[in-house]
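Fold and geometry: a report
The residues making up each chain are set out below.
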Amino acid sequence: MYIFKKVSDLQHHLEKESEAGKTIAFAPTMGALHDGHVSLIDQSNEIADICVSSIFVNPTQFDQKEDLEKYPRTVDADIEILAKNKCDVLFLPEVEDVYPDGMEAKEQYDFGQLGNVLEGAHRSGHFEGVAQVVNRLLEIVKPNWIVMGQKDYQQTAIIRRLLKLTNSKTEIVVSPTIREEDGLAMSSRNVRLEPDERAEAPIINEVLEGVRTAADKLSVAMAKKEAILKIEKSGSMKVDYLDIVHFETLQSVKNWDDAEQLVVCTAVHLGKVRLIDNIIIT
Ligand code: AMP
């Protein structure tokens, strides 16, 4: 695996590959890699000749200083995981390489209602930061595909819109959420859970799956209410939001048949960690 820290070195390498007719799939990450990230590398290797990944903890997408400071950083182990899983190229930049002109966003994108709901309503400036870094990384890597996880469902919708707004030639590929055996969605933040919190965390996925079956018996409003009660029952979890939304617009629905697919999305505080998860209901 090639590792590049400087933009010009990476671009020089990738330009040669493109000129040789090779296609590129790109899976950006913030490191602290787990099997969810590995699934993106596998997916990239399936669709393209060259798999490029990046590890960059992007300061502009964190709304909480502590979350940025405490974000797990395990670069040596990450490099091993990527090499073992046949990632071809790793981009490992510093903040100055990604933002040579400073971290102030140069472009503002209008994501409309997509950006104002769910995570957008609860993490001020988060998607502006995500769009800024993804746009910059795409400008550098120029991939045929960007591969992202369903785990961050709203993020995939925002990036799909970003690609449209910027007339990008890159296509987005969304890969399914990889879970622990007990159903907890894999996340770099899971390592920050205390053992008792970790033991409780699978309730989130159980409750989301419960919403799927509640569709036969309960109204959408009742299903949401019941789900929140179940998550908060033990007293250690606090639901930031739990909503059932249209799969494209991400707007709340009133009825189960308001869209061909619905997404049940939630964010939950557990100890010092905020976990997000979602499932798609067809
Ligand atoms: P992160 O390093 O958390 O910024 O995530 C980098 C990419 O990995 C994003 O596209 C995430 O959606 C994806 N990802 C994170 N966790 C999972 C998971 N459990 N399953 C699948 N993809 C994931």
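Being a predicted model, the structure only gives us computed values, none of them experimental.

Quick notes on unusual backbone geometry
It is generally the case that most residues other than glycine have a negative phi and that most peptide bonds are trans. Notably, Ala32 is not glycine yet its phi reads approximately 50°, a positive angle. Mapped onto the elements, Ala32 comes out in the loop between β2 (24-29) and α2 (35-47). Judged by its relative accessible area of 11%, Ala32 falls in the buried class. For Leu250, which is not glycine, the phi torsion reads 65° and is therefore positive. Mapped onto the secondary structure, Leu250 falls in the loop between β7 (237-246) and β8 (262-270).

Looking at the domain arrangement of the protein
Domains assigned within the protein are domain 1 (2-175) and domain 2 (188-275). Put simply, the middle of domain 1 and the middle of domain 2, counted by C-alpha atoms, are 26 Å apart. Listed as interface residues are 20 residues of domain 1 and, on the opposing side, 18 residues of domain 2. Taken together, both faces of the contact between domain 1 and domain 2 bury some 1,500 Å²; the carbon and sulfur share is 56%. Among the residues of domain 1 in contact with domain 2, Leu118, His122 and Tyr153 are the three that bury the most area, contributing 39% of the side total. Counting the contacts that link domain 1 with domain 2 gives three salt bridges. At the surface where domain 1 touches domain 2, the tally comes to seven residue pairs in polar contact (both at pLDDT 80 or more).

The rules we used
- Residues numbered from 1 in each chain as written.
- Predicted model: local features only at pLDDT ≥ 70, side-chain atom pairs only at ≥ 80, totals over all residues.
- Heavy atoms only, no water.
- Helix = DSSP H or I, 4+ residues; strand = E, 2+ residues; numbered from the N terminus.
- Buried < 20%, exposed > 50% of the residue type's maximum accessible area, 1.4 Å probe, protein only.
- Domains from an automatic or database assignment.
- Contact = heavy atoms within 4.5 Å.
- Buried area = accessible area lost by both parts, 1.4 Å probe.
- Salt bridge = Lys/Arg side-chain N within 4 Å of Asp/Glu carboxyl O.
- Polar contact = N/O pair within 3.5 Å; in protein donor to acceptor, adjacent residues only side chain to side chain.

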